[in-house]
4 protein chains.
Amino acid sequence: MASHTEQDPDALVTSPDPIHPANHISSLCRKFYDLGWVTGTGGGVSIRKDDLVYLAPSGVQKEMMQPEDMFVMDYQTKQYIRKPPAYKPSACTPLFLAAYTHRGAGCCIHTHSQWAVLVTLICESLPNPAERNVFAIREIEQIKGISRGSSNPSSSTSEIAEGGRKVGNLGYFDTLRIPIIENTAHEEDLEERMAEAMREWPECAAVLVRRHGVYVWGRDVGQAKTQAESLDYLFQLGVRMHGMGLKWT
Amino acid sequence: MASHTEQDPDALVTSPDPIHPANHISSLCRKFYDLGWVTGTGGGVSIRKDDLVYLAPSGVQKEMMQPEDMFVMDYQTKQYIRKPPAYKPSACTPLFLAAYTHRGAGCCIHTHSQWAVLVTLICESLPNPAERNVFAIREIEQIKGISRGSSNPSSSTSEIAEGGRKVGNLGYFDTLRIPIIENTAHEEDLEERMAEAMREWPECAAVLVRRHGVYVWGRDVGQAKTQAESLDYLFQLGVRMHGMGLKWT
Amino acid sequence: MASHTEQDPDALVTSPDPIHPANHISSLCRKFYDLGWVTGTGGGVSIRKDDLVYLAPSGVQKEMMQPEDMFVMDYQTKQYIRKPPAYKPSACTPLFLAAYTHRGAGCCIHTHSQWAVLVTLICESLPNPAERNVFAIREIEQIKGISRGSSNPSSSTSEIAEGGRKVGNLGYFDTLRIPIIENTAHEEDLEERMAEAMREWPECAAVLVRRHGVYVWGRDVGQAKTQAESLDYLFQLGVRMHGMGLKWT
Amino acid sequence: MASHTEQDPDALVTSPDPIHPANHISSLCRKFYDLGWVTGTGGGVSIRKDDLVYLAPSGVQKEMMQPEDMFVMDYQTKQYIRKPPAYKPSACTPLFLAAYTHRGAGCCIHTHSQWAVLVTLICESLPNPAERNVFAIREIEQIKGISRGSSNPSSSTSEIAEGGRKVGNLGYFDTLRIPIIENTAHEEDLEERMAEAMREWPECAAVLVRRHGVYVWGRDVGQAKTQAESLDYLFQLGVRMHGMGLKWT
């Protein structure tokens, strides 16, 4: 079998299939721009397909992203096997890789959504230090859009039970918890904190970064996007509830 | 006359007509996604045409919905006569059927709109228990977009009077009332509460579900969509009025 | 010259020209739907071209409006010379005619924008009765998008002066004033109040209707749309300023 | 070499290239309309390409802008070499020229975004006079979308250091500062204040105009648009933070 390095790198991003990763990232970037998640070239999207990782480049206007703009990395060697000469790799790359390595994800979405940022600011302002590093909300139907991971202990409404474990998505009476890590001067330096949060919160479907945004992943694009949308909905609702003096839990 | 079960099930969802139910549900899902009503695969749409009920499946990204994704049920027997193998039926199905059975509806729309959820949260927080289970608003022009049902006693401005009954839509000086039911762990368990609310509020055009969203119906797609939009407008206006300390009634 | 009544009525709404009134109203309705001005079939648009008045029908979903849906009225006789059999004329018709008759307008736009409604609710809640029936704002650049009419006495920054009169648009230091009239049970009954407000406020470019929306006009579609957008911007900004405790004047 | 005045002026705005300035301004205007930056014909866009300056005209609906609507000016002589007969030049022209002359910009964007206006109103209302004439914010990731100019003294996280100077974009721990100048009755009279602000704030990437909007520039369209989007994001976040009682710095 031919190694990736022997083939034409541009073939890696050329396909008529709209869900080929290079095309899919481009169309997702346009959607996320319309949602206000990647304004001013912020945020990013990556897809892992088998042993190839596709990454949108740094500094490109997201709504104008094209398949030929993509970086492609060999997941085993972590070497780029396609680098568009005009661009730099995204500073989010180590964070996306953390989701693939530590969670077996197939897609990772990073947004600068203001609702994510505001939720981290609200938590930061809470009097109780125990509440500052996690966004927690319960008894909102949209929570059911988020995977429970594998071992959420508070669950009482699992959709499917296998060998006693709770699997599937969170139930209405479960508490959704998303850890918040502190931002760093350089995005690539977030990697260690992100990995630590993933170890500490083995069921979490996302990590919030204070005053920055959120990283959300999933086993494939569909799950990652559904979770990113559901979380953004919950962050926005949470901000509005807070403004009205209503509790999240 | 051939029974539905004898024909090719795929023929039930194949039509060049943009308002064939399978096509219409797909285009409505795209519109509702843009309105923020069905984010993260939440919410749903169903159309009843004669004795066929068309239902969008569970867990599909609404803005990508295709006619071939639809479930089709025989309304008389409640048996599916078309099931796309890749999908599960929507958990909203019994709720949609309640609107067809108890109200003779031709279309039912379920949204997770944040304005609907916030209105239920505001009501929940009111000091007067009598105000907690109904959203009521009056003297807003958009109320005229909502049907009065058949027996609204407070009406003084009926558009049409037949045999002494008030028919047509609510008037400007009428009070719009939408009951609020409590959410359940599993959407299908809402069925009984929904049916009870429909019996208790025989004129209501919709039922709000606390911390979840709203179910709106109509005799056809046009009326259901007009009422869903008008209600969402009133929920949003209601939230803003509440934030400014203004009364709804 | 052939009278309108002798020609094929459908020819009145059939043209390949995108700014033919029947086409133009349809495309404006789609834009206004996206702006949230005509949700739930609310609001409306009319264009007067020479002695023909084009009117969108009642109860049609605005984003689906088609040229063949239009009513056409002879402005001199006030008789419909084209009536689509499936529809009823808009209840806004007498209000649109008031703008043509009393102001010589060429286009009139009616929105149910929540910002217009909220501005009327804020004014209604003010302690000073003198402030309840007019929305007034000054020293906001967007005010310059609104015509001064012909005799704004407070103006000190006229763009053009002819014979001592101030003409053109309002200046930055002018005060924009839009009268607010009370709503009625039936939209057609607003006609008298609207005409009275137009006489009392001879320079106003629009009339707000309490708890209902706004009517905006202009000499042509371009001016009416520019004024409708500028006013909606000012209503929205006004609501946000009010929420922050900032004065409008 | 032929001077511009000898060639067909319409050739200056005719090109199949989507990033030819006449086409690019048109597509940017459509985007900015959707972002709410240029509602009611407000705001504007200009591109400088070599010694040609392209300018959108005054009073045209931005989402309908066409390449043939553009004014073209010779940057050396400041003479128009193409003037569409139906239009007047934009009153923003001297402000755009200030960005080209004093900052060597290649593109300048002027928006009436409500978030920009609200930020200037919030600053105006602050008790400390020193805070009234500058919008300052720090420790928000999106700040990294803004150029540091050439001499930001507070910087501690420069992306690139050349000869001891900080270059590239602002870092997360830098403070972004955008000066605010007072509005004038006529837009062209802002020129002197704008030039003064540019001299006083040699690193700033934009100038806010009180109760009016913002002027943002960049070395090319990509940088100007990225900065305009990042600033609008920060203005909006700043307004929301202020509403929640959170400090910007």
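Residues numbered from 1 in each chain as written. Chains lettered and ligands numbered in written order. Predicted model: local features only at pLDDT ≥ 70, side-chain atom pairs only at ≥ 80, totals over all residues. Heavy atoms only, no water.

## Notes on the relation of the copies chain A and chain B
Note on the identical chains: chain A maps onto chain B by a rotation of 90° and an axial translation of 0.0 Å, with an RMSD of 0.0 Å. Interpreted geometrically, this transformation is the action of a four-fold axis. Relative to the rotation axis, the C-alpha of Gly243(A) is the closest in chain A, positioned 6.1 Å from it. (Least-squares fit on C-alpha atoms with pLDDT ≥ 70 in both.)

## Some remarks on unusual backbone geometry
Positive phi values are uncommon outside glycine, yet Lys78(A) reaches one of about 60°. Take Lys78(A): it is sitting in the loop between strand S3 (71–74) and strand S4 (80–82). The backbone of Thr41(C) sits at a positive phi, close to 65°, despite the residue not being glycine. By the element assignment, Thr41(C) lies in the loop between helix H1 (21–34) and strand S1 (44–49). (Helix = DSSP H or I, 4+ residues; strand = E, 2+ residues; numbered from the N terminus.)

## Observations concerning the packing of aromatic side chains
Throughout the structure, instances matching the rule amount to 28 aromatic pairs over all chains. With a centroid separation of 5.3 Å and 65° between ring planes, the pair formed by Phe71(C) and Tyr80(C) is classed as edge-to-face. Seen in terms of ring centroids, Phe96(C) and Tyr215(C) are 5.9 Å apart; in terms of plane orientation they differ by 65°. Their pairing is edge-to-face. Note that Phe96(C) is positioned in helix H2 (residues 93–103) and Tyr215(C) in strand S11 (residues 213–218), a separation of 119 residues in sequence. Classification of Tyr215(C) by relative accessible area gives buried; the value is 0%. Grouped by ring-pair contacts, the aromatic residues Phe135(A), Phe235(A) and Trp248(A) constitute a single cluster. A cation sits over an aromatic face here: Arg48(C) above Tyr75(C), 5.0 Å from the ring centre. (Phe/Tyr/Trp six-rings, centres within 6.5 Å; stacked < 30°, edge-to-face > 60°. Buried < 20%, exposed > 50% of the residue type's maximum accessible area, 1.4 Å probe, protein only. Lys NZ or Arg CZ within 6 Å of the ring centre and 35° of its normal.)

## Comments concerning the sheet that holds strand S3 (residues 71–74) of chain C
Residues and elements named next belong to chain C. With mixed pairing, nine strands are arranged side by side in an open sheet as S4-S3-S2-S1-S5-S11-S10-S9-S6. Of all the strands in the sheet, the pair left with one neighbour each is strand S4 (80–82) and strand S6 (134–138). Recorded for the sheet is a direction-independent mean angle of 20° between the axes of neighbouring strands. By the bridge criterion, two bridges tie strand S9 (residues 175–181) to strand S10 (residues 206–209) in an arrangement that is parallel. Following the sheet pairing, Ile-180 is matched in S10 by Leu-208. (Pairing = 2+ DSSP bridges. Axes fitted to C-alpha atoms, helices over the stretch in contact; angles between N-to-C directions.)

## A closer look at the domain arrangement of chain A
Residue and element names in this part refer to chain A. Taken domain by domain, chain A holds domain 1 (1–90) and domain 2 (113–249). Listed per partner, the contact involves seven residues of domain 1 and six residues of domain 2. Buried area between domain 1 and domain 2, both sides added, is near 530 Å², and the carbon and sulfur share of it is 78%. Counting the contacts that link domain 1 with domain 2 gives zero salt bridges. (Domains from an automatic or database assignment. Contact = heavy atoms within 4.5 Å. Buried area = accessible area lost by both parts, 1.4 Å probe. Salt bridge = Lys/Arg side-chain N within 4 Å of Asp/Glu carboxyl O.)

## Describing a negative patch on the surface
On the surface, Asp34(A), Asp34(B), Asp34(C) and Asp34(D) cluster together to form a negatively charged patch. Considering the arrangement of structural elements, one finds Asp34(C) in helix H1. Looking at Asp34(C), the relative accessible area reads 67%, which means it is exposed. (Patch = residues over 30% accessible without salt bridge, like charges linked within 9 Å, V, L, I, M, F, W, Y side chains within 5 Å. Areas by Shrake-Rupley, 256 points an atom, 1.4 Å probe, with all protein chains shown as cover. Lys, Arg positive; Asp, Glu negative; His and termini not counted. Charge placed at Lys NZ, Arg CZ, Asp CG, Glu CD.)

## Here we look at the pattern of salt bridges
Scanning all chains against the criterion turns up 36 salt bridges over all chains. For the salt bridge of Lys225(B) with Glu229(B), the shortest nitrogen-to-oxygen distance reads 3.0 Å. Placement of both Lys225(B) and Glu229(B) in helix H5 (residues 221–243) is noted, with a separation of four residues, approximately one turn of the helix. For the pair shown, Lys225(B) and Glu229(B) are each scored as buried. A salt bridge links Lys144(C) to Glu141(C), with the nearest nitrogen and oxygen atoms 3.0 Å apart. Bridged by salt links that share partners, the residues Lys31(A), Lys225(A), Glu229(A) and Glu63(B) form one connected network.

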